[in-house]
Amino acid sequence: MAEAFNPPVTVAITGASGAQYGLRLIEALVQANHEVWVMVSKAALLVIATETDDELPPRPERQAEVLSQRFAAAPGQIRCFGREDWMAPVASGSGASTAMVICPCSTGTLSAVACGASNNLIERAADVALKERRTLVLVPRETPLSAIHLEHMLKLTQMGVVVMPAAPGFYHRPTSIDQLVDFIVARILNQLGIEQRLVPRWGDQPLP
Ligand SMILES: Cc1cc2nc3c(=O)[nH]c(=O)nc-3n(C[C@H](O)[C@H](O)[C@H](O)COP(=O)(O)O)c2cc1C
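- By the naming in an unreviewed UniProt entry, the chain goes by Flavin prenyltransferase UbiX and is assigned to Halomonas huangheensis.
- As recorded by UniProt, the Function (unreviewed entry) comment attached to the chain reads in full: "Flavin prenyltransferase that catalyzes the synthesis of the prenylated FMN cofactor (prenyl-FMN) for 4-hydroxy-3-polyprenylbenzoic acid decarboxylase UbiD. The prenyltransferase is metal-independent and links a dimethylallyl moiety from dimethylallyl monophosphate (DMAP) to the flavin N5 and C6 atoms of FMN."
- The record held by UniProt for the chain lists under Catalytic activity (unreviewed entry) the comment "dimethylallyl phosphate + FMNH2 = prenylated FMNH2 + phosphate".

Dropping the structure here:
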């Protein structure tokens, strides 16, 4: 019998710095027994190779194998879709997941989502999330921000999108990069309403 997972969450990793955030998010969702639908942009493959000790292959089927092995996912728990896989469930309102996170989100993809470009599957899936009024979380990373970036973020926020820049706090006195990454991933999980134990909620534990 097929394994029963919690509802699918779509995670798109685009070519902004901070690939670790997206990869750790996939891991956390797998650990929370969610089905995870993954899209990785071409630029993100380069960023992953640059920033981490891992490389993801370009073919979505192989990506799913590599990610499943890395995060000890159950068979079928992680599904990966390609740039022009228009038959993927995320391409349509009738097949989309309950929530989508673009993490990290490049300013290019931010712009495309704000304008409804839908030129690749990540942009189309975000457009579907918008039109269906589903949870859409964007985690942009760029500094400093131009007026264009800020205008796009304002426009998307006014449409109900959660824009949460990858800006970890330091009040929990992090001593490792993993803790900084977990800070952001915990905030994303909070937005999705998924219980997390990566970082204590404010007020749950005294600060150091
Ligand atoms: C190593 C590396 C780091 C990058 N960092 C950022 C970044 O932090 N933010 C950003 O918006 N773009 C960044 N870029 C540029 C994007 O990858 C580029 O604009 C790309 O076209 C985005 O395409 P995508 O949105 O389809 O992934 C980076 C590129 C590379 C290779």
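### Some details on unusual backbone geometry
(1) Moving on: Cis peptide bonds are those with omega within 30 degrees of zero, and the linkage from Cys103 to Pro104 qualifies with -10°.
(2) Moving on: Secondary-structure assignment places Pro104 in strand 4 (residues 99-105).
(3) Moving on: Following Thr143, the chain continues to Pro144 via a peptide bond in cis, the omega torsion being -5°.
(4) Moving on: Within the fold, Pro144 resides in the loop between strand 5 (135-140) and helix 6 (147-158).
(5) Moving on: Even without being a glycine, Asn33 presents a positive backbone phi close to 65°.
(6) Moving on: Tracing the sequence through the fold places Asn33 in the loop between helix 1 (19-31) and strand 2 (34-40).
(7) Moving on: One non-glycine residue, Ala72, lies in the positive phi region at around 50°.
(8) Moving on: Along the chain, Ala72 falls in the loop between helix 3 (60-70) and strand 3 (78-81).
(9) Moving on: A count of 10 C-beta atoms within 10 Å places Ala72 in the exposed class.

### What about the site of the ligand?
(1) Moving on: The environment of the ligand is made up of 16 residues, and the closest members are Thr14, Gly15, Ala16, Ser41 and Ala43.
(2) Moving on: Looking at the shell around the ligand, the elements that each hand over two or more residues are helix 2 (42-51) and helix 4 (107-115).
(3) Moving on: If you tally residues by element for the shell around the ligand, the top one is helix 2, at five residues.
(4) Moving on: Residue composition of the shell around the ligand, grouped by class: five nonpolar, nine polar and two charged.

### Remarks on the nonpolar core
(1) Moving on: In terms of nonpolar packing, the biggest core is built from 64 residues, with Val101, Ala125 and Val139 touching the most fellow members.
(2) Moving on: In this view, Val101 contacts Val9, Val11, Leu25, Val137, Val139 and Ile188; residues no more than four positions away in its chain are not counted.

### A few points about helix 3
(1) Moving on: Regarding helix 3, the residues found buried are Pro60, Gln63, Ala64 and Leu67. Along the axis of helix 3, the buried residues cluster in a sector spanning 100°; they form a single face. Across from the buried face of helix 3, at angles greater than 90 degrees, the exposed residues are Glu61, Arg62 and Gln69.
(2) Moving on: After helix 3 finishes, the residue Ala72 shows a positive phi value of roughly 50°.

### Some details on helix 2
(1) Moving on: Ala44, Val47 and Ile48 are the residues of helix 2 that are buried. The arc that holds every buried residue of helix 2, seen down its axis, measures 100°, which confines them to one face. Counted as exposed and oriented over 90 degrees from the buried face of helix 2: Lys42 and Thr50.
(2) Moving on: Each element contacted by the buried residues of helix 2 is listed here: strand 1 (6-13), helix 1 and strand 2.

About the thresholds
Residues numbered from 1 in each chain as written. Predicted model: local features only at pLDDT ≥ 70, side-chain atom pairs only at ≥ 80, totals over all residues. UniProt positions renumbered as here; feature names shortened; annotations may be inferred. Helix = DSSP H or I, 4+ residues; strand = E, 2+ residues; numbered from the N terminus. Buried ≥ 20, exposed ≤ 12 C-beta atoms within 10 Å, placed from the backbone. Near = placed C-beta within 6 Å. Nonpolar A, V, L, I, M, F, W, Y, C, P; charged D, E, K, R; others polar. Core = buried A, V, L, I, M, F, W, Y, C linked by C-beta atoms within 7 Å. Contact = placed C-beta atoms within 7 Å. Arc of directions from axis to C-beta.

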